Amino acid sequence: MEMNKLDCSLIHIGSCFSEPVYFDDGKNMFLAAGKQAKPYHVSALVHWKIPYLLTAGHLVDPKDYKPSTFENQMVSKTSRFSDDVEELESL
C-alpha cells in the first residue's frame, strides 16, 4: 500500500480518513481509519510541530465510512470481551 504525505494543516477537529493515519515513521498510528480527529489530536500536531503525516487513505465523511471486513471481524471479537470486562468490573 502506497503511503502519501498529508500536510498537517489539513487535519482539523472532526477530520476522518478511509485508512489509518501514521506519524512520519510510517509505523506509529496517529489516527485509526474511520475515527474523527479530536481536539487533542490537533493540539498534539501543533505542540510537537509535526509537519506531515502518512496515509494510504483519503478524507471521508465519518457517517459514510464503511469498515473493512477485517475491521468488522475485530469489532465482533472485541465486543464479546467487553461484556466480560463489564461483568468483572461489577464484581
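Residues numbered from 1 in each chain as written. Predicted model: local features only at pLDDT ≥ 70, side-chain atom pairs only at ≥ 80, totals over all residues. Heavy atoms only, no water.

**Considerations on the sheet that holds strand β2 (residues 21–22)**
The strands making up a sheet associate through backbone hydrogen bonding, with each pair oriented either parallel or antiparallel. As a reminder of what qualifies: When DSSP finds two or more bridges between two strands, those strands count as paired. A helix here means a DSSP run of H or I that spans at least four residues, while a strand means a run of E at least two residues long, and both kinds are numbered starting from the N terminus.
Spatially, β1-β4-β2-β3 is the arrangement adopted by the 4 strands of the open sheet, whose pairing is antiparallel. Strands at the two margins of the open sheet, each flanked by one partner only, are β1 (4–7) and β3 (29–31). Looking at chain direction, β2 and β3 are connected through 2 bridges and run antiparallel. The residue bridging V21 from the neighbouring strand is L31, located in β3.

**Quick word on the packing of aromatic side chains**
Applied cut-off: Side-chain rings of Phe, Tyr and Trp, where Trp is taken by its six-membered ring, are said to pair if the distance between their centres is within 6.5 Å; with planes under 30 degrees apart they count as stacked, over 60 as edge-to-face, and otherwise as tilted. Buried means the residue's accessible area, taken with a 1.4 Å probe over protein chains only, is under 20% of the maximum for its type, while exposed means over 50%, and partly exposed covers the values in between.
For the structure on display, the rule yields 2 aromatic pairs. Ring centres 5.4 Å apart and planes at 80° place the aromatic pair F23 and F30 in the edge-to-face group. A single burial state applies to F23 and to F30, both of which are buried. Here the aromatic rings of F23 and W48 are separated by 6.4 Å at their centres, their planes lie at 50°, and the arrangement is tilted. With F23 in the loop between β2 and β3 and W48 in the loop between α1 (39–47) and β4 (52–55), this residue pair connects regions lying 25 residues apart in the sequence.

**Quick look at the nonpolar core**
Cut-off, in case you're wondering: By nonpolar core we mean a set of buried residues, namely Ala, Val, Leu, Ile, Met, Phe, Trp, Tyr and Cys, connected to one another through side-chain atoms within 4.5 Å. We call two residues in contact when some of their heavy atoms are within 4.5 Å.
Core analysis: the largest hydrophobic core is formed by 12 residues, namely L6, C8, I11, F17, V21, F23, F30, L31, A37, L45, I50 and L53. Filtering out sequence-adjacent residues up to four positions away, F30 remains in contact with I11, V21, Y22, F23, H41, L45 and L53.

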